[in-house]
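Close look at the chain arrangement
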Amino acid sequence: MSDSIKTVDIRVNPPYQVHIGGGLLARCGSYLLDAVGMCHLAVVADSTVAPLYLDTMTDSLRQAGYPVSTYIYPAGEAHKNLDTLSDILEFLAAEHLTRSDCVVALGGGVCGDMAGFAAGCYLRGIRYVQLPTTLLSAVDSSVGGKTAIDLKAGKNLAGVFLQPSAVLCDTDTLRTLPPHVFADGAAEAIKTGVLSDESLFALFDTDDLQADIGEVAARCIAFKGSVVEQDEKDNGVRRTLNLGHTAGHAIEKCAGFTITHGHAVAIGMVLIARAVEKLGWCEEPCAERIAAVLRRNHLPTSTEYTAKELAEAALSDKKRRGGTISLVIPRRIGDCYMKTIPVTELEAVFAAGLEG
């Protein structure tokens, strides 16, 4: 099943395009010729994605005339670390990539983060493109230029800002995802509705997300693109995209990353929505409405970790600034704002959100 191709322009410097639709992997060579021209392409993929899509993609690249090298690393968040980054950098050097060449990230958010970070480090920065194969990476991490790896102290603590030269989102890959992986992306798409678009949020409560996947992805990407255009380096309005992430990252860390990002963010959204209702920080209660939509899309809405455990884990979160931390607060569905609190109050906020 193939969608008509939708294109979203991301107006940063330099600008790039996100193409969304079915069958793009088999046609990626022609798209990359338009985006980066002829050069040596170094494709990075993990051990889960490579057997599924690498041949289709590299066949298209070679038919377009590209010289292609490939690097496959073990799948999983546990490998999003300095060791894997080092291995990718050594691979790029061994393949003699130059500043005019390009890295291609084929896979989910972990792959995009690491391949993008490697591109940003190698020769002080070369180009890269994103070919997301999960809903989570399509609607979130593939757009906006954030790249990172995890450190022992926490998630995404080392990285660089480097915008991709192009993003190709083949929606056919999204329709074959395991249910729990698809749900991870649904969490970020639902987050977009809570942040900015009540009509998008309502769609998750009434329609089949799989059937509307191209439209949903395009709307989420267009919203994220508009935010990135205003705040490329994450110092202002872009921080609102972290709705549910302070608690979500803490849950991931407490669980040793056995809880996936989208599932953790789902819990984090409900936790903060419940907290702000109890603390009087919202205009219209929405926690139970958010929770119902998340449950409809096979996502969790609660955690067994205590407020103390979550607060301690969140203290290493990169959104902490000195003695304060910024939280994204849902005023109502489709309208959120930033609130900065002392880190000493974070445990109490989490406690309010955990109360039934």
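Residues numbered from 1 in each chain as written. Predicted model: local features only at pLDDT ≥ 70, side-chain atom pairs only at ≥ 80, totals over all residues. Heavy atoms only, no water.

Let us now look at the overall build of the chain. Along the backbone of the chain there are 14 helices and 12 strands. Taking 2.2 N^0.38 as the reference for a compact globule, 356 residues should give roughly 21 Å; the C-alpha atoms of the chain span a radius of gyration of 20 Å, in line with that estimate. In terms of overall dimensions, the chain has a C-alpha envelope of 60 × 40 × 35 Å along the principal axes. Of all 356 residues assigned to the chain, the portion counted as buried reaches 57%. The contacts of the chain with a sequence gap of at least 6 include a subset with a gap of at least 24, amounting to 73%. (Helix = DSSP H or I, 4+ residues; strand = E, 2+ residues; numbered from the N terminus. Rg over C-alpha atoms; globule rule 2.2 N^0.38 Å. Buried < 20%, exposed > 50% of the residue type's maximum accessible area, 1.4 Å probe, protein only. Contact = heavy atoms within 4.5 Å.)

On to the packing of helix 11 (residues 261–279) against helix 12 (residues 287–296), then. Packed helix pairs are specified by the crossing angle of their axes together with the interaxial distance, meaning the distance between the axes. Put simply, helix 11 and helix 12 touch, their axes get as near as 8 Å, and they point 165° apart. If you check the angle between helix 11 and helix 12, you find them roughly antiparallel. Crossing of helix 11 against helix 12: the hand is left-handed. Counting all contacts with helix 11, which are made through A266, M269, V270, A273, R274 and E277, the residues of helix 12 involved are A287, E288, I290, A291 and L294. Residue composition of the contact of helix 11 with helix 12, grouped by class: eight nonpolar, no polar and three charged. (Axes fitted to C-alpha atoms, helices over the stretch in contact; angles between N-to-C directions. Parallel < 35°, antiparallel > 145°, perpendicular 65-115°, else oblique. Left-handed = near helix turned anticlockwise from the far one by under 90°. Nonpolar A, V, L, I, M, F, W, Y, C, P; charged D, E, K, R; others polar.)

The next point concerns the environment of G262. Here G262 lies in helix 11. When its relative accessible area of 0% is taken as the criterion, G262 is described as buried. Through-space distance from the C-alpha of G262 to that of L85 is 23 Å; in sequence the pair is 177 residues apart. Here G262 is in contact with D184, A187 and L299, once residues within four sequence places are set aside.

The next point concerns the packing of aromatic side chains. This structure, assessed with the given rule, holds one aromatic pair. Here Y71 and F91 contribute two aromatic rings whose centre-to-centre distance is 5.2 Å and whose plane-to-plane angle is 40°, an arrangement assigned as tilted. Taken together, the residues span a long stretch of sequence, with Y71 in strand 4 (residues 68–73) and F91 in helix 3 (residues 82–94) at a distance of 20 residues. Residue class for F91 comes out buried when judged on its relative accessible area of 10%. The residue whose ring lies beneath K339 is W281, and the NZ or CZ to ring-centre distance is 4.8 Å. (Phe/Tyr/Trp six-rings, centres within 6.5 Å; stacked < 30°, edge-to-face > 60°. Lys NZ or Arg CZ within 6 Å of the ring centre and 35° of its normal.)

What follows concerns the pattern of salt bridges. The full count for this structure, using the stated rule, is 14 salt bridges. Two residues, D234 and K146, come together in a salt bridge whose shortest N-O distance is 2.9 Å. Here D234, found in the loop between helix 9 (213–230) and helix 10 (245–254), pairs with K146, found in strand 7 (residues 146–151); they are 88 residues apart in sequence, far enough to count as distant. One salt bridge in this structure joins R274 and E288, with 3.2 Å as the shortest N-O distance. Taken together, the positions of R274 in helix 11 and E288 in helix 12 put the pair 14 residues apart, joining distant regions of the chain. Taken together, the shared-partner salt bridges connect E283, R331, R332 and D335 into one network. (Salt bridge = Lys/Arg side-chain N within 4 Å of Asp/Glu carboxyl O.)

V18, F204, I290 and F350 are the most contacted members of the largest nonpolar core, which totals 78 residues. Counting residues per element, this core draws most heavily on helix 11, which supplies 11 residues. When neighbours within four sequence positions are excluded, F204 is seen to be in contact with A189, I190, L209, V216, V293, R296 and N297. (Core = buried A, V, L, I, M, F, W, Y, C linked by side-chain atoms within 4.5 Å.)

Turning our eyes to something else, we now look at helix 12. For helix 12, the set of buried residues is A287, I290, A291, V293 and L294. An end-on view of helix 12 places all buried positions within 165° of arc, on one side of the element. In this structure, the buried residues of helix 12 make contact with helix 7 (179–196), helix 8 (198–206) and helix 11. Positive backbone phi, at 65°, marks H298, one or two positions downstream of helix 12. (Arc of directions from axis to C-beta.)

Attention now moves to the pairing of strand 8 (residues 154–161). As defined by bridge partners, strand 7 adjoins strand 8 across five bridges and the pair is classed as antiparallel. Following the sheet pairing, A148 is matched in strand 8 by G159. Between strand 7 and strand 8, which pair antiparallel one after the other, the connecting turn spans two residues. (Pairing = 2+ DSSP bridges.)

Our focus in this paragraph is the environment of H261. Position of H261 among the secondary structure elements: in helix 11. Under the relative-accessibility criterion, H261 is labelled buried at 14%. Excluding anything up to four places from it in sequence, H261 contacts L136, K155, D184, E188, H245, H249 and E252. Within polar-contact distance, the side chain of H261 engages the side chain of E252 at 3.1 Å. (Polar contact = N/O pair within 3.5 Å; in protein donor to acceptor, adjacent residues only side chain to side chain.)

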